[in-house]
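Chain by chain, the residues run as shown.
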Amino acid sequence: MVPWWVRPRDGSFSVTIHPPGDKSISHRGALLGAIAHGTTVVHGYLVADDTLRTLAALRTLGVACELRGTELQIHGAGPEALQQPPQTIDVGNSGTTIRLLAGLLAARPFASTLTGDASILRRPMARVIAPLRCMGAYIETAPDERAPLQIRGGPLRAISYPSPIASAQVKSALLLAGLQTVGRTEIVEPSPSRDHTERLLRVFGASVETGARMVLHGPARLEAAELIIPGDFSSAAFFLCVAAARPSSRCIVEQVGLNPLRIGALKVLSEMGATVEILDVDDRSPEPRGTISITGRPLQGITISADRIPSLLDELPALCIAFALAEGESIVRGAAELRVKESDRIALLVRNLRACGIAAEELPDGFVVQGGSVRGGAIETGGDHRIAMAFAALALSSKEGILLDDRSCIASSYPGFEEALRTL
Ligand code: S3P
């Protein structure tokens, strides 16, 4: 645990941020590159704890990968070339790594064990294990379907799966299993989750039908590709939210991912009163990216209902900055998934907002925040990178500053965060 005291900062600011590579797309680029044929080159790979865990896992499976700066070369020879791992694969804090690997490895003809840190051992795995078992996978778990996962891989059968939750990790695990399985794998989601896997599969040469139903005909052969990873909107969100709540401040974020299923927070900030502009969009590559400009104004509270949640779930910690500094009440509903992220984010956000002098209340599936003036105080990150970054950024607009109990967890997704925050 490395404590961090973040002081307030007066006056308006104008900054340009270049967030690091998108975490979700980086994981997928590496995993798909590892089972494609040939050398995949990934530009702008996220060099952070979570995505390095994915590379370490792939190396344990016998895949050669070289990372130079943020350029990754990964030498794949099809899923058949993956080798039985000589040791347990430790995914650290990375939920995407463990869930996607479970899908990938369930179809390989060898045994593997996946584990992670204390947060991973608490997070639900039944969401991926249940459908994989329907496909015929043999997976043993700790009690209550938690990790470690012991997988005895083998041939699977294709299924049609109506997923009870909108989860890109579940969908992607099934697509990775379906890629190696004869027949038609179909996944139906209650509402669309991020579609990075589907977009990348097309770049790797697989045909996947998207929309309300995802359909993949397996087995599908992937060919190596060259990918450019856009900046991570979720990492940029902390800066966008601080700027939005500070009148006359401006934040420009360049080369950032603008996937429509990820940027619901922009509309929220605009409805709260900030001036949000998308200055340019480049949608030549499979993932759109461009420049966002946000200018701060006095913000008003907002109510966010369930239908908007999948497009902004990871940004809710950052949005709490705007809720805390807005006038009036903000209400979030339909976000029970927040309770099973890297921490119970509903409980921690509410507890920490209160510790900083903001009235807030938990709901079973969300929370209520009474905006006002942020005094500051000592907060608990719970080892959750997004909680840490949200309160470090909020500290700039507090009266007395905020003391975080730990900043080391930020390395999961954004090792350069502290330096970027200093530019404000
Ligand atoms: C992710 C999907 C999301 C998100 C997580 C990353 C991914 O979770 O919250 O941080 O890379 O697939 P869901 O599986 O709930 O969609």
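Everything numeric in this text was worked out from a predicted model, so none of it was measured. Starting from 1, residues in each chain are numbered consecutively following that chain's sequence as written. Selection of residues for local features in this predicted model requires a pLDDT of at least 70, selection of side-chain atom pairs for listing and counting requires 80 or more, and totals for whole chains, interfaces and linings are taken over all residues. Side-chain calculation: all heavy atoms of the structure are included, whereas hydrogens and water are not.

1. Regarding the overall build of the chain
For the chain, the count of helices and strands is 13 helices and 23 strands. A radius of gyration in this sense is built from C-alpha atoms; the matching globule rule multiplies 2.2 Å by the number of residues raised to 0.38. Relative to the compact-globule value of 22 Å for 424 residues, the chain shows a C-alpha radius of gyration of 21 Å, a close match. When its C-alpha atoms are laid out on the principal axes, the chain stretches across 60 × 45 × 40 Å. Within the chain, contacts between residues separated by at least 24 positions form 74% of all contacts whose residues are at least 6 apart in sequence. Going along the chain from the N terminus, every DSSP run of H or I of four or more residues is numbered as a helix, and every run of E of two or more is numbered as a strand. Residues are treated as being in contact if the distance between any of their heavy atoms lies within 4.5 Å.

2. Points about the layout of surface pockets
Every definition here rests on a 1 Å grid over the protein atoms only: cavities are sets of points where a 1.4 Å probe fits but cannot get out, pockets are open sets enclosed by protein on both sides within 12 Å along at least five of seven lines, and lining residues have some atom within 4 Å of a point. Grid points are joined across faces, edges and corners, and a volume is the space filled by probe spheres set on the points. Computed from the structure, the largest pocket encloses a volume of approximately 680 Å³. Around the largest pocket, the lining comprises 38 residues; the ones closest to its centre are Ala166, Ser167, Leu313, Glu337 and Lys341. Classification convention: Asp, Glu, Lys, Arg as charged; Ala, Val, Leu, Ile, Met, Phe, Trp, Tyr, Cys, Pro as nonpolar; all other residues, Gly among them, as polar. Residues that form the lining of the largest pocket fall into these classes: eleven nonpolar, eleven polar and 16 charged. Domain segmentation is taken from an automatic or database assignment of domains. A domain-level breakdown of the lining of the largest pocket finds at least three residues from each of domain 1 (4-21 + 230-422) and domain 2 (23-228).

3. Looking at the environment of Phe110
When you line up the elements, Phe110 lands in the loop between helix 3 (95-106) and strand 7 (111-115). A sequence separation of 44 residues divides Phe110 from Gly154, and the C-alpha atoms of the two residues are 7.1 Å apart.

4. Overview of the domain arrangement of the chain
Along its sequence, the chain is carved into domain 1 (4-21 + 230-422) and domain 2 (23-228). Each of domain 1 and domain 2 has a C-alpha centre, and the two are 28 Å apart. Every contact between the two is made by 25 residues of domain 1 and, on the other side, 26 residues of domain 2. The term buried area means the drop in 1.4 Å probe accessible area that two parts suffer when joined, counted for both and summed. The largest share of the area that domain 1 buries against domain 2 comes from Leu261, Glu342 and Ser412, three residues that together contribute 23% of it. One side-chain nitrogen of Lys or Arg within 4 Å of one carboxyl oxygen of Asp or Glu is enough to make a salt bridge. Between domain 1 and domain 2 we count two salt bridges in total. Put simply, Arg194 and Asp314 hold a salt bridge, and the shortest N to O gap is 3.0 Å.

5. A word on the sheet that holds strand 6 (residues 89-90)
Strands pair in a sheet through their backbones, by hydrogen bonds, and they do so in one of two ways: parallel or antiparallel. Read from one edge to the other, the open sheet built from four strands follows the order 6-7-9-8, with strand pairing classed as mixed. Sheet topology places strand 6 and strand 8 (138-142) at the edges, where each strand pairs with a single neighbour. One ladder, built from four bridges, connects strand 7 with strand 9 (residues 146-152); its direction is antiparallel. Along strand 9, the bridge assignment pairs Ser112 with Ile151. Only strands joined by at least two bridges in the DSSP assignment are considered to pair.

6. Concerning the nonpolar core
Leu240, Leu316, Phe323, Phe367, Phe391 and Phe417 are the most contacted members of the largest nonpolar core, which has 79 residues in total. Broken down by element, this core gets its largest block of residues, ten residues, from helix 8 (residues 233-244). The contact partners of Phe417, leaving out residues within four places of it in the chain, are Trp4, Phe238, Phe239, Met389, Ala392 and Ile410. Residue types Ala, Val, Leu, Ile, Met, Phe, Trp, Tyr and Cys, when buried and joined through side-chain atoms within 4.5 Å, form a set referred to as a nonpolar core. Note on exposure labels: buried denotes an accessible area under 20% of the residue type's maximum, exposed denotes more than 50%, and partly exposed covers the range between, all computed with a 1.4 Å probe on protein chains only. Listed in part, the 63 residues of the second largest apolar core include Ala34, Cys65, Leu101 and Phe110.

7. Details of helix 1 (residues 23-35)
Between the first and last C-alpha of helix 1 there are 19 Å, a value that for 13 residues agrees with the 18 Å anticipated at 1.5 Å per step. In terms of burial, helix 1 is largely enclosed, as 13 of its 13 residues are buried. Looking at where helix 1 begins, the residue whose side-chain oxygen comes 3.0 Å from the main-chain nitrogen of Ser24 is Asp22. A helix is expected to span 1.5 Å multiplied by its residue count minus one. N or O atoms closer than or at 3.5 Å make up a polar contact, with two conditions inside protein: a donor-capable atom paired with an acceptor-capable one, and, for residues adjacent in sequence, both atoms drawn from side chains.

8. Topic: the sheet that holds strand 14 (residues 226-228)
Read across the sheet, four strands follow the order 4-5-3-14 without closing on themselves; strand pairing throughout is mixed. The open sheet is flanked by strand 4 (64-68) and strand 14, the only strands paired with a single partner. Here the average twist between neighbouring strands, direction ignored, is 15 degrees. Here the axes come from fitting lines to C-alpha atoms, over the contacting stretch only for helices, and the angles between their N-to-C directions go from 0 to 180 degrees. Against the sheet, helix 1 touches strand 3 (37-43), strand 5 (71-77) and strand 14, its axis set at about 30 degrees to strand 5.

9. Let's talk about the site of the ligand
Summary of the distance rule: residues count as near a molecule or strand when at least one heavy atom falls within 4 Å of that molecule or strand. Around the ligand, the neighbouring residues are Ser24, Arg28, Thr96, Ser167, Ala168, Gln169, Arg194, Asp314, Glu337 and Lys341. Residue Ala168 places a main-chain N or O atom 2.8 Å away from an oxygen atom belonging to the ligand. In this structure, an oxygen atom belonging to the ligand sits 3.0 Å away from a main-chain N or O atom of Gln169. Each accessible area is a Shrake-Rupley result for a 1.4 Å probe, and residues are judged covered by the shown protein chains and nothing else. For the ligand, the protein covers 93% of the area, taking 390 Å² as the surface of the free molecule. Elements with a minimum of two residues in the shell around the ligand: helix 1 and helix 6 (168-178). A breakdown of the residues in the shell around the ligand according to their chemical character gives one nonpolar, four polar and five charged. Viewed by domain, the shell around the ligand spans two of them, domain 1 (4-21 + 230-422) and domain 2 (23-228), each represented by three or more residues.

10. Re the pairing of strand 11 (residues 183-188)
Across three bridges, the pairing between strand 10 (residues 160-162) and strand 11 is parallel. Note that in strand 11 the partner of Pro162 across the bridge is Val188.

11. A word on the packing of aromatic side chains
Aromatic ring pairs are described here by two measures, namely the spacing of the ring centres and the angle between the planes. Aromatic contacts are taken between Phe, Tyr and Trp rings whose centres are within 6.5 Å, Trp giving its six-membered ring; a plane angle under 30 degrees counts as stacked, one over 60 as edge-to-face, and the others as tilted. Evaluation of the coordinates by the stated rule reveals six aromatic pairs. Geometrically, the ring pair formed by Phe323 and Phe367 is tilted, given 6.3 Å between the ring centres and 50 degrees between the ring planes. Note that Phe323 is positioned in helix 10 (residues 316-325) and Phe367 in strand 21 (residues 366-370), a separation of 44 residues in sequence. Exposure remark for Phe323: the relative accessible area of 0% places this residue in the buried category. Judged by its relative accessible area of 0%, Phe367 is buried.

12. Description of the side chain of Glu342
Within the fold, Glu342 resides in the loop between strand 19 (329-332) and helix 11 (345-355). Engagement of the side chain of Glu342 in a polar contact is seen with the side chain of Arg345, the distance being 2.9 Å.

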